[in-house]
Amino acid sequence: MRGLAAYGGLLKLAGLLIGLPLVVYGWGIARTLELHRTLRQQAVLLQSAHADTIAGALPERTENAETDFGRTVKTGELLHRISPWLEQFGVTAERYTPYRLQREQEGELYAGELLLSGEFIPLTRLLERMESRKEERIVSVSYQTVVLPQNRKKQLQMTVIFQQITKKDAP
């Protein structure tokens, strides 16, 4: 009996050294590793969905695209017209969303929200080019820095809001 009592402190120490890491792993590390795996899977899904969204955001060009002035915001033709500039300046179009703000007998008022990402100077040069176009009116521009969840890097985004009035065709 006395022999076991002499090893009691050593048994408690061994229990702490072996048992405590198992408990910590069970409570915290296992959940963290599971969340990390889930995050990686969601990042892959997000990137594939993002590529599909950008590809789907560019509608097919129509035969009369050049003569259909006044409808570039509504139809997404705006993205086709600025896409060479996006490539030239190394800017990425993240999202484009058109909205109909008002409808009257004479016509409709549309707004388009374009989210771009890239470096500050190329974004600003692209904005200058877009302002030179007289078909759409730029109403608002805002810059913001976001942290990407995939790699925790900062990215500069520019949101541009366009307005355009379309007149209804006379019968």
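Heads up: the structure comes first, above all this text.
Reference entry: report on the structure contained in this document. Predicted model only: the values in this text are computed from it and were never measured.

### Section: the overall build of the chain
- When helices and strands are tallied, the chain shows 5 helices and 4 strands.
- Ordered by position from the N terminus, the helices and strands of the chain form the series α-α-α-α-β-β-α-β-β.
- Burial statistics for the chain: of 171 residues in total, 28% are counted as buried.
- Sequence-distant contacts, at least 24 apart, represent 56% of the contacts inside the chain between residues at least 6 apart.
- As displayed, the chain has an accessible area near 12,400 Å², and 58% of this comes from carbon and sulfur atoms.

### What about the packing of aromatic side chains?
- Counted according to the given criterion, the structure contains 1 aromatic pair.
- Centroid distance phenylalanine 120 to tyrosine 143: 5.3 Å. Interplanar angle 45°. Geometry classified as tilted. With phenylalanine 120 in helix 5 (residues 120-132) and tyrosine 143 in strand 3 (residues 137-147), the pair connects residues that are 23 residues apart, well separated along the chain.
- Phenylalanine 120 sits in the partly exposed class, given a relative accessible area of 45%.
- Judged by its relative accessible area of 32%, tyrosine 143 is partly exposed.

### Examining the pattern of salt bridges
- Applying the stated criterion across every chain yields a total of 4 salt bridges.
- We note a salt bridge from arginine 95 to glutamate 113, for which the minimum N-O separation is 3.8 Å. Here arginine 95 is found in strand 1 (residues 92-103), whereas its partner glutamate 113 is found in strand 2 (residues 107-117), with 18 residues between them in sequence.
- With relative accessibility at 39%, the residue arginine 95 sits in the partly exposed group.
- Since its relative accessible area comes to 19%, glutamate 113 is described here as buried.
- A salt bridge links arginine 100 to glutamate 108; its shortest N-O distance comes to 3.5 Å.
- In this structure arginine 100 comes out as partly exposed when scored by relative accessible area, which is 45%.
- Shared partners join several salt bridges into a network, and the residues in it are Arg100, Arg103 and Glu108.

### Focus on the sheet that holds strand 4 (residues 154-167)
- A sheet is described by the order of its strands in space; here 4 strands give the open sequence 1-2-4-3, paired in antiparallel fashion. Because the sheet does not close on itself, it has two edges, and the strands there are strand 1 and strand 3. Across the sheet, the mean angle from the axis of one strand to that of its neighbour is 20°, orientation sign disregarded.

### Here's the deal with the packing of helix 4 (residues 77-89) against helix 5
- Running from N to C, helix 4 and helix 5 point in directions that differ by 155°, and their axes come no closer than 10 Å. Overall, the two elements helix 4 and helix 5 adopt an arrangement that is roughly antiparallel. As for the relative orientation of helix 4 and helix 5, their crossing is right-handed in sense. Each of Ile82, Trp85, Leu86, Gln88 and Phe89 in helix 4 lies in contact with helix 5, whose residues at this interface are Pro122, Arg125, Leu126, Arg129 and Met130.
- Of the residues contributing to the contact of helix 4 with helix 5, the split by class is 7 nonpolar, 1 polar and 2 charged.

### A look at a nonpolar patch on the surface
- Together, Tyr7, Leu10, Leu11, Leu13, Leu17, Ile18 and Leu22 make up an exposed nonpolar region whose accessible area comes to about 810 Å².
- Its location among the elements puts leucine 11 in helix 2 (residues 8-57).

### Regarding the pairing of strand 1
- With 10 bridges joining them, strand 1 and strand 2 adopt antiparallel strand pairing. For tyrosine 96, the partnering residue across the bridge sits in strand 2 and is leucine 114.
- In this antiparallel pair of consecutive strands, strand 1 and strand 2, the connection spans 3 residues.

Cut-off values and rules
- Residues numbered from 1 in each chain as written.
- Predicted model: local features only at pLDDT ≥ 70, side-chain atom pairs only at ≥ 80, totals over all residues.
- Heavy atoms only, no water.
- Helix = DSSP H or I, 4+ residues; strand = E, 2+ residues; numbered from the N terminus.
- Buried < 20%, exposed > 50% of the residue type's maximum accessible area, 1.4 Å probe, protein only.
- Contact = heavy atoms within 4.5 Å.
- Areas by Shrake-Rupley, 256 points an atom, 1.4 Å probe, with all protein chains shown as cover.
- Phe/Tyr/Trp six-rings, centres within 6.5 Å; stacked < 30°, edge-to-face > 60°.
- Salt bridge = Lys/Arg side-chain N within 4 Å of Asp/Glu carboxyl O.
- Pairing = 2+ DSSP bridges.
- Axes fitted to C-alpha atoms, helices over the stretch in contact; angles between N-to-C directions.
- Parallel < 35°, antiparallel > 145°, perpendicular 65-115°, else oblique.
- Left-handed = near helix turned anticlockwise from the far one by under 90°.
- Nonpolar A, V, L, I, M, F, W, Y, C, P; charged D, E, K, R; others polar.
- Patch = residues over 30% accessible without salt bridge, like charges linked within 9 Å, V, L, I, M, F, W, Y side chains within 5 Å.

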